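Analysis of the macromolecular model
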Number of protein chains: 2
Amino acid sequence: MQVFFDAEIKKMKIKNCYFPLFVSPGVLQKEKDHIEGFTPEVAWVTKSGDSDLDVHIAIRPTSETVMYPYYSKWIRGHRDLPLRLNQWCNVVRWEFSNPTPFIRSREFLWQEGHTAFATQQEADKEVLEILELYRRIYEEFLAVPVIKGKKSEMEKFAGGLYTTSVEAFIPNVGRGVQGATSHCLGQNFAKMFEINYENEKGEKAMVWQNSWAYSTRTIGVMVMVHGDDKGLVLPPKVASLQVIVIPVPYKDVDMQAIYQACSSTVTALEEEGFRVEADIRDNYSPGWKYSHWEMKGVPLRIEIGPKDLANKQVRVVRRDNGAKKDISMEGLVDGVKNLLSEIQESMLNAAIQKRDACIEKVTTWDEFVIALNKKKLILAPWCDEEDVEKDVKARTKGETGAAKTLCTPFDQPELPEGTLCFASGKPAKKWTYWGRSY
Amino acid sequence: MQVFFDAEIKKMKIKNCYFPLFVSPGVLQKEKDHIEGFTPEVAWVTKSGDSDLDVHIAIRPTSETVMYPYYSKWIRGHRDLPLRLNQWCNVVRWEFSNPTPFIRSREFLWQEGHTAFATQQEADKEVLEILELYRRIYEEFLAVPVIKGKKSEMEKFAGGLYTTSVEAFIPNVGRGVQGATSHCLGQNFAKMFEINYENEKGEKAMVWQNSWAYSTRTIGVMVMVHGDDKGLVLPPKVASLQVIVIPVPYKDVDMQAIYQACSSTVTALEEEGFRVEADIRDNYSPGWKYSHWEMKGVPLRIEIGPKDLANKQVRVVRRDNGAKKDISMEGLVDGVKNLLSEIQESMLNAAIQKRDACIEKVTTWDEFVIALNKKKLILAPWCDEEDVEKDVKARTKGETGAAKTLCTPFDQPELPEGTLCFASGKPAKKWTYWGRSY
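Cut-offs and rules
- Residues numbered from 1 in each chain as written.
- Chains lettered and ligands numbered in written order.
- Predicted model: local features only at pLDDT ≥ 70, side-chain atom pairs only at ≥ 80, totals over all residues.
- Heavy atoms only, no water.
- Least-squares fit on C-alpha atoms with pLDDT ≥ 70 in both.
- Phe/Tyr/Trp six-rings, centres within 6.5 Å; stacked < 30°, edge-to-face > 60°.
- Helix = DSSP H or I, 4+ residues; strand = E, 2+ residues; numbered from the N terminus.
- Buried < 20%, exposed > 50% of the residue type's maximum accessible area, 1.4 Å probe, protein only.
- UniProt positions renumbered as here; feature names shortened; annotations may be inferred.
- Patch = residues over 30% accessible without salt bridge, like charges linked within 9 Å, V, L, I, M, F, W, Y side chains within 5 Å.
- Areas by Shrake-Rupley, 256 points an atom, 1.4 Å probe, with all protein chains shown as cover.
- Salt bridge = Lys/Arg side-chain N within 4 Å of Asp/Glu carboxyl O.
- Contact = heavy atoms within 4.5 Å.
- Pairing = 2+ DSSP bridges.

1. Structural notes on the relation of the copies chain A and chain B
Mapping chain A onto chain B calls for a rotation angle of 180° and an axial translation of 0.0 Å; the resulting RMSD is 0.0 Å. Each copy turns onto its partner about a two-fold axis. In terms of proximity to the rotation axis, the leading residue of chain A is Val45(A), whose C-alpha is 2.2 Å off the axis.

Here's what the structure looks like:
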């Protein structure tokens, strides 16, 4: 995913950079709305060794305030635009409520892109180009279907103009999860950080900015969407190990020959670029190893026993659906290649089916409440007013958590004239996804 | 460099991983010598938002103590060995004395490898394999000559068994700089963190461990070795921009045609994989641009003016030695390719010559002091006693900093029987490099 995304943004002339982990209180607090959104989660370094620091230093929760003072210095004329930088780094948000590994954790890894343009039009265009890359990461790599859309005013990035996102859904728990976000920051940060330039007419103008990020949360979403009672189920494209080869010993058979076949199977697949290993540990039974590697989510298991050896074949077992099949040693490479791509495809299709079965279109409050209790991903006509979203949140506050907007999908169903908001009864402006979320 | 190193360690079956930025006081303080070495530099998070934390959390200065509790859990039998992991991450050491960008800074980026083996023999072998990769990074990528050797007991890694390093030298200031280190940790951490396994005979045994790292300090060394009064001088292999194309306008000439030639030059080189840009800003003169890109260290400048256009050629100017040359448009790609590889080679050769001119072999204290005052890299016969190194440090403590051992080179000159230590007069055991250092 990292290699894919990094190559794609380089094609867009976005360059990689690195800014510090630490941010001084002065710049951190420069943008009011922004810092209101992040202050409670900021971790502070106050001591080094046994000495107290004179000035406490914050750890970046995100890097707008770290980077933009430099944007202000670097951008002078219109020829300095666009300025398009990205960094791969860690950030810290000291979460207290419901920390969940990979989904909401105190430290996480991400890329954060920060770009500045002369016009809003260019900024708008990039927001959607990046969002499309995020969709591809989820659907093409993680086999997780996502919905592209715009966040509500309440849910947008603190200090930004508007936020777009890809939204995933976890059917088992009935919760939405924000997959990745691409923000247009407008000119708000430009104003606070004085990021100005001289335009072609020699006039002073303010830049338009974007920021966008996807994080290790992608891993959490993948785990929850595909995992089953046996453990992880990993899509072949992102599995660090795609194939595990397990020797199956029997009494009175030539184990050397079986080990030899395992080893040559690994070599043959490795040469073709597959990520493959053999588990030749002698202190575990084959059955124990099957469970072990199933738990770890390896997409394909190859078993080699004396019968397979005699028949010049191997037994392959799919992790996603348990299907078994014999393939000839001769057809090994092609067989594995086809199976891995079948698994990738059918994992996405299965996930789409499950997700789609959770989508429920409602038009009234009563339907909404029923759907919410059934843990659905709810599409409802909405008046798009912040107070109404607050009201829905308050009215649905319960043990399982309040409902909120997930996104207003770009792909809008028809909204017949006269349709009313499910919550306020006012004229509806759009169809919006609602649900509980991570 | 990152792509090179990552591919090489993967060939060695070392896997990438990621461990947290934060470390609890309990594990951090488990290894006595280790923590003595790092405690004064540890940054502590004591607050989140406005709340004080019950338990203060350290930011990793290095990750032995973060990772090894897991090694203890993961390693059970001899089939679990070797365990070989690497992570690319940031670490924090709160330095107060002489912070120098890229050389000694509070946060830096590095890779840190952490491996565990059944035998010391395997560990010893890996230490040198990794050290050779570090040598290649410096010499093949950064065009910086380094000396491979072993650190003294005083200078070795806190808590480890022995440390090997590649040592560079900055002629202008007469200081050595530790380029990267590959440590054999022995069984000391294994004892503290209880990293045991059952060997083939069914007996409990302790693992042998290594750790090794190279950091963004490489950038600082490169800057200091190659930089000149005009600014950076970057070796082509690591320059983010290898070629800058600058249009040279004259009065009454067809600027469109010149811009067109610049643009097609960029395209032609880009297609061949070169990192190239044109600077077509209209608010700066060519002369200003020459200085600007010289300061940034771009290895090759291409100038295109009306005369060049007429002669179907471009003017190329080398950053490292200022040499100018015309090459035909037709021979552009080959010409640039050859020039960049010439620059890479001659930068290394020039650096070797300068470094070698600084090496001085001494055998007495008086010679040593004279050489030190001449800012030399001093090779001296030594008795290899810790007290003697302490004594040398104390006796040379002055305005420019005390001398210490840099390394005992693996490549040892002959040591005639009866040679005495330059400092103690005791029998010398080896030739060792001494000098002031960063």
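2. What about the packing of aromatic side chains?
Tallying each qualifying case throughout the model produces 50 aromatic pairs over all chains. Plain terms: the ring middles of Phe22(A) and Trp94(B) are 5.4 Å apart, the flat faces sit at 70° to each other, and that makes the pair edge-to-face. Of this pair, Phe22(A) sits in strand S2 (residues 22–23) while Trp94(B) sits in the loop between strand S5 (83–92) and strand S6 (107–117), which puts the two residues in different chains. Of the two residues, Phe22(A) and Trp94(B), both sit in the buried class. Between the aromatic rings of Phe5(B) and Trp212(B), the centroid separation amounts to 6.2 Å while the plane-to-plane angle is 65°, which identifies the pairing as edge-to-face.

3. As for the UniProt feature "domain: Aminoacyl-transfer RNA synthetases class-II family profile" (unreviewed entry) in chain A
Under the present numbering, the feature "domain: Aminoacyl-transfer RNA synthetases class-II family profile" (unreviewed entry) in UniProt falls on residues 1–235 of chain A. For residues 1–235 of chain A, the helix share is 29%, the strand share is 34%, and the end-to-end C-alpha distance is 12 Å.

4. As for a nonpolar patch on the surface
A cluster of nonpolar side chains, contributed by Phe102(B), Ile219(B) and Val223(B), occupies part of the molecular surface with about 210 Å² of accessible area. Assessed through its relative accessible area of 41%, Phe102(B) is described here as partly exposed.

5. Observations regarding the interface of chain A and chain B
Tallying the contact residues gives 36 residues for chain A and 36 residues for chain B. The interface formed by chain A and chain B holds eight salt bridges in total. The shortest N-O distance in the salt bridge between Lys15(A) and Glu277(B) comes to 2.6 Å. Looking at the side of chain A that touches chain B, the elements with two or more residues in it are strand S3 (43–48), strand S4 (51–59), strand S5 (83–92) and strand S6 (107–117) of chain A. If one sorts the elements of the side of chain A that touches chain B by residue count, S3(A) sits on top with six residues. Here S3(A) pairs with strand S3 (residues 43–48) of chain B via five bridges, running antiparallel. Across the sheet, residue Ala43(A) finds its bridge partner in S3(B), namely Ser48(B).

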